[in-house]
Amino acid sequence: MNVPTEHLLVLSAFLFGLGILGFLLRRNVIIVLASIELMLNSANLVLLAGSRHWAGVEGTGFLEGPILVLFVILVAAAEAAIGLALIIALFRLKQSVILGSSQSYEVAADSTSPSVPPPSPTRP
Amino acid sequence: MAEVLFYLLAAGAVVFGVGVVAARMPIFSVLNLLGTFFCVAGVYLLTGFQFLAVTQLLVYAGAIMVLFLFVIMLLNLHDESLGGTLMSLTSLPPRTLALASATAGVFVLTLIFASGVGPPPGSAVLAAARIDEGLDQLVPLAEVLFTRYALPFEAASLLLLATMVGVIMLAKRDRPRAKGDTSASWPWTPAVDDGAEPVQQAETAPALEPGRSRKTHEGTAARPPADKPGERAGSVQ
Amino acid sequence: MTESASYLWWIVFVPLLGSVLCGALHLRSLTQRRAGATREVGAFAPWVACGAMALAFALSVLAFLRLAGSDDVLALESSSWAWLDAGSFELQLSMVVDRLSSVMALVVTGVGLLIHVYSAGYMRGDPGYAKYFAFLNLFVFAMLLLVLSSNLMGLFIGWEGVGLCSYLLIGFWYEKGWPAEAGQKAFVVNRIGDACFLLGSFILLAVFGTLDLSDVGAAVPTVLADQSAWITAGALLLFGGACGKSAQFPLFTWLPDAMAGPTPVSALIHAATMVTAGVYLIVRLNPLFAASATALAVIGVIGALTALIGASSALLQNDIKKVLAYSTVSQLGYMFLALSSGAWIAAIFHLTTHAFFKALLFLGSGSVIHGMHEEQDMRKMGGLRKHMPTTFLTFLVGAAALSGLPPFSGYWSKDEILAHTFGHGGLWSILWIVGVVSAAMTAFYTWRMVALTFFGKERFDVAHVHPHESPASMTIPLIVLAVLAAGGGLLGLPHVFHVPHVLANWLEPVVAPGAQLLFDEHAAHLSGPVEWSLLAFGALVALYFAHRGFHTYKAGAAADAAYAERSPAMASFLAGAWKIDEAYTARIVEPMGRLARFTYDQVDQRGIDGVVNGTGRVTLGLAARVRLWADGDVKHYALWVGAGAAALTVLLLVA
């Protein structure tokens, strides 16, 4: 298949960008985890694109790419497992999986509605 | 022909990706992620990495997604107030949005315009004669994996072991404790151990009171005895 | 030739020892006072101080006798102490007593001893009794260092030391407020002179390579040919230093204010010794000055001008001490006038007689003030001759000497100065006229002072003020000084009398180099008839104006008011010492004050403090903003982690 490597990279770039946006902007921790998985996938794509790009340069292929992808998948699985376990524990503690509604430091005794994160004095 | 398929799959992956990020409810997000996995697996196949395509489907779509779904269903996040938040770009403070966009943009642009130098000399090499049959053929892969990369392989197995142990410890449910039982519980220590009240309170109290949840990390002695989510785990089940 | 004498260091250090002991006594007194004791050890201070002075005087006499007894021993030298050894430049401190410094030492220690004795009576009852004697002895130490040092730097140490002690003693009663300001003014004005002194000594060092006084003097003729400009510069700068110390125009304004100190201090420091340091310096370096006609002309003009300013300002003063202060300024002007015409010996002669009669007058005025319970305004005195006979008689002697009435000492010394000035010709003819006018004024204001104080109606409140004679500790020094003021003229009778001029013969070796340089150019030798006429003229002028002064004011101070009505501008001009002080205040002090205020407010408070405080404020402000980032919101942290990773990526790509 003669798709230029650049296009593969573009695809992975989009996926990675989406993953970043989701990771940074969503408040639901499950969706954040899903975004992380998305980013990992895009990384795998890059690795494979690179491996494919230099295959046949000297008439050979390179196996580091697939091996590394294998490990990435493995680690992603482990990380997803742990993350989900954390979510369960978190949910037990706080009855919510909204990031930002549970502050580590108590600012004021009064509270606002659960779905709206408490106001921060400044936003970066 | 293959190219057309590639572009279709690519577009699909992106569309599903948007779905992951912009979904209203986590269940939708996860299902979109599943779609992304399938599209990406298809791309792997088209570019000649059959083994990895199958591995992707087995592990990602088959195991990780199942985990996600389990958890979603376990947490019973059907109630929108509990789990769903509509992602609306206007609800975000502009500075956050700008910064996030800039961050994403940097990576995107880097990837798009990146150029590499190639694998270092001495990398594992697939013999030229067999490239047409695929770029990740099993036998050569296994050869390299179990010889040169034996250490990472074993370490990975250790990692999985640790993960298993960790998951079990994290997700373990605390057993209800008798009154006066001051033995340490994990991962948190309740303030006052009063067996009678919590069950009562758990039924009547609203599901979420951020004031209480916020206080959780404070000195536990200050909390009213009703505030013991551990005791209320039963309601979550 | 020079003989070595180890006891010379003792002359200098005995007063220092006395000062330290008195200081210890003072501190002990303070503790005793705090503990509530009735008797204090401070009462012993005058014994310690006068004992030290007596010892120093005895040693000075010893040195003097050694010099007097031998014709070829011209100087006694002590062991030297190496102070500075920097490569090619070496500074050795040692004491040298030659004929000039022996005279100075005798004056300093002798008159100083008398004043110490007087102070024991005058300052009794003052809480700072022992402290006073500590300072006084310290002053004598510094003054002796000044006159006995063999090189310019040792002299300068003494120079600075007397300035310091002057400050300490002027401001002795600093609690009253104005003495502290007066002390500060004295110190600051002196400092200007000191700066000139230092610059002059630098030039001397550069030109001659040494600061040893006799070496410099000896080297002048050889250097003169190609370095005459530098010699003039050095001479002028050293004279600038002398102006500060000896209260010449324009640095004389501190002396009238210095009357805020105790009267014995005025007698010792501001009449007899410290203010004569400038004269001593020039006589000591007479070859240097003789080599520069420019410097001599400048000295002459300033000396004459100062004499005029001082004398005219004294005419309308009401404070008895102020009259004497301006009189001192004026008489110092005479000494410099003498120096300018090459009459070194006349200057030293007048220095000596002036020490006698001015100290006498100051101590006498102190006795009056003491008897009048600290009243210093002459308009509130009058008729005191009945109440204080000893003071009155001694004061008369002093007044006669000051006004230049024969046969008192002041007549002879003043006449010698005016004769030399007259004979010098050229510019000095004009200066002679100025000198004569000043002498007339001197007689006038002196006898005005006598009349207002001791004659006429008693203008004080007879019911409440009871003037009394002073105790013996005060009157005995007065008597001694009166004898000296009366007979001091014997030291320098004019040669037309065909008797040896004692001082001239004595000092001849010292001034010979300068005389040689000078009289190569100006041969001035007055003939007999001219000399006699000048003698007679001087006497007549003095007698006439003394008479006028006395009679105008015999009845009271009404003539002052009348004059003020006739010419108010001139009256205020003279009474305000030609308004020079006001000019300084307006032109120099005020702008400096404004500059200081500006520097303080803008540069220091706003600028430097602003930077320092601003740094703190900025840091706090930044911290307050940055602190808000740690808000506990994980999403923010994640955002920043991501942004940081992106930044690193860019950095890696770019760099």
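Parameters at a glance
- Residues numbered from 1 in each chain as written.
- Chains lettered and ligands numbered in written order.
- Predicted model: local features only at pLDDT ≥ 70, side-chain atom pairs only at ≥ 80, totals over all residues.
- Heavy atoms only, no water.
- Helix = DSSP H or I, 4+ residues; strand = E, 2+ residues; numbered from the N terminus.
- Areas by Shrake-Rupley, 256 points an atom, 1.4 Å probe, with all protein chains shown as cover.
- Contact = heavy atoms within 4.5 Å.
- Pairing = 2+ DSSP bridges.
- Phe/Tyr/Trp six-rings, centres within 6.5 Å; stacked < 30°, edge-to-face > 60°.
- Buried < 20%, exposed > 50% of the residue type's maximum accessible area, 1.4 Å probe, protein only.
- Lys NZ or Arg CZ within 6 Å of the ring centre and 35° of its normal.
- Buried area = accessible area lost by both parts, 1.4 Å probe.
- Salt bridge = Lys/Arg side-chain N within 4 Å of Asp/Glu carboxyl O.
- Nonpolar A, V, L, I, M, F, W, Y, C, P; charged D, E, K, R; others polar.
- Core = buried A, V, L, I, M, F, W, Y, C linked by side-chain atoms within 4.5 Å.
- Expected span 1.5 Å × (residues − 1).
- Disulfide = S-S within 2.5 Å.
- Axes fitted to C-alpha atoms, helices over the stretch in contact; angles between N-to-C directions.
- pLDDT = per-residue confidence, 0-100.

Before going further, it helps to examine the overall build of chain C. When its secondary structure is counted, chain C shows 24 helices and five strands. Carbon and sulfur atoms make up 69% of the accessible area of chain C, which totals about 26100 Å².

Turning our attention to the overall build of chain A. Each helix and strand counted, chain A has three helices and one strand in total. Along the chain direction, N to C, the helices and strands of chain A fall in the order α-α-β-α. Within chain A, residue pairs in contact and separated by at least 24 positions form 55% of the contacts whose partners lie at least 6 positions apart. With the model as given, the accessible surface of chain A reaches about 4300 Å², and the carbon-plus-sulfur share is 68%.

Another point: the pairing of strand β3 (residues 81-86) of chain C. Residues and elements named next belong to chain C. Here five bridges tie β3 to strand β4 (residues 89-93), and the two strands are oriented antiparallel to one another. Its bridge partner lying in β4, A82 is registered against Q92. In this structure, the hairpin formed by β3 and β4 is closed by a connection of two residues, where G87 is found at a positive phi of approximately 65°.

Once that is clear, we can look at the packing of aromatic side chains. Residues and elements named next belong to chain C. Under the counting rule described, the total for this entry stands at 29 aromatic pairs over all chains. Pairing Y132 with F133 gives two aromatic rings, centres 5.4 Å apart and planes at 85°, and the pair type is edge-to-face. Here Y132 and F133 have matching classes, each one buried. Measuring from ring centre to ring centre gives 5.6 Å for Y167 and F187, while their planes differ by 65°; the resulting arrangement is edge-to-face. Pair noted here: Y167 is in helix α5 (residues 152-170) and F187 is in helix α6 (residues 178-208), with a separation of 20 residues, a long-range link. Every member of this aromatic cluster is reached through a ring pair, and the members are Y129, Y132, F133, F135, F172 and W173. In this structure, R99 is placed above the aromatic ring of W506, and the distance from its NZ or CZ to the ring centre is 4.8 Å. In this structure, R448 packs its charged tip against the face of Y553, placed 5.0 Å from the ring centre.

This paragraph deals with unusual backbone geometry. Glycine aside, residues mostly have negative phi angles, and peptide bonds mostly take the trans form. Residues and elements named next belong to chain C. Along the chain, F249 connects to P250 via a cis peptide bond; the corresponding omega equals 0°. Residue placement: P250 occurs in the loop between α7 (213-245) and α8 (254-257). Unlike most non-glycine residues, A577 shows phi in positive territory, near 55°. On the secondary structure map, A577 appears in the loop between α22 (568-575) and α23 (580-627). The buried category is assigned to A577, whose relative accessible area is 5%. Here K579, not a glycine, exhibits a phi torsion of approximately 55°, which is positive. Mapped onto the elements of the fold, K579 is located in the loop between α22 and α23. The partly exposed category is assigned to K579, whose relative accessible area is 32%.

This part takes up the interface of chain C and chain B. Contacts between chain C and chain B engage nine residues on the former and seven residues on the latter. In this assembly, chain C packs against chain B so that about 640 Å² is buried in total across both faces, 89% of it on carbon and sulfur atoms. On the chain C side of the interface with chain B, the three residues burying the most area are L639, A646 and T649 of chain C, jointly 55% of the side's total. At the boundary of chain C and chain B, one finds zero salt bridges. Its residues assigned to classes, the side of chain C that touches chain B comprises seven nonpolar, two polar and no charged.

So, about the nonpolar core. Counting residues in each nonpolar core, the largest one holds 207 residues, and the members touching the most others are L285, L288 and F289 of chain C. Setting aside residues up to four positions removed in sequence, L288 of chain C forms contacts with L204, F208, V220, I231, A235 and L238 of chain C. One finds I67, F71 and I73 of chain A together with F68 of chain B within the second-largest nonpolar core, a separate group that totals 56 residues.

Let's shift gears to helix α2 (residues 45-69) of chain C. Given a rise of 1.5 Å per residue, 25 residues ought to cover 36 Å, and the 36 Å separating the end C-alpha atoms of α2 of chain C matches this to within 8%. Within α2 of chain C, burial applies to A45, P46, A49, C50, A52, M53, A56, L59, S60, A63 and L67 of chain C.

Bringing the state of the cysteines into the picture now. Taken as a whole and judged by the stated rule, the model has zero disulfides over all chains. The thiol of C196 of chain C is unpaired, and the distance to the nearest cysteine sulfur, on C243 of chain C, comes to 8.2 Å.

Glancing now at the side chain of T421 of chain C. Residue and element names in this part refer to chain C. Relative to the helices and strands, T421 is located in helix α16 (residues 409-424). Judged by relative accessible area, T421 falls into the buried class, the value being 0%. In contact with T421, not counting residues within four places along its chain, are L337, S341, W428, L431 and W432.

Within a sheet, each strand pairs with its neighbour through backbone hydrogen bonds, oriented either parallel or antiparallel. All names here are of chain C. Taken in spatial order, the three strands make up an open sheet running β1-β2-β5, and their pairing is mixed. A single partner strand is all that each edge strand has here, and the edge strands are β1 (2-4) and β5 (96-98). Strand-to-strand, the axes of this sheet are offset by a mean angle of 25°, without reference to chain direction. Note: strand β2 (residues 75-77) against β5, three bridges, orientation antiparallel.

Okay, the confidence of the model for chain C next. Put simply, chain C has an average pLDDT of 87, and 99% of its residues get 70 or more. Confidence metrics for the complex model read pTM 0.68 and ipTM 0.78.

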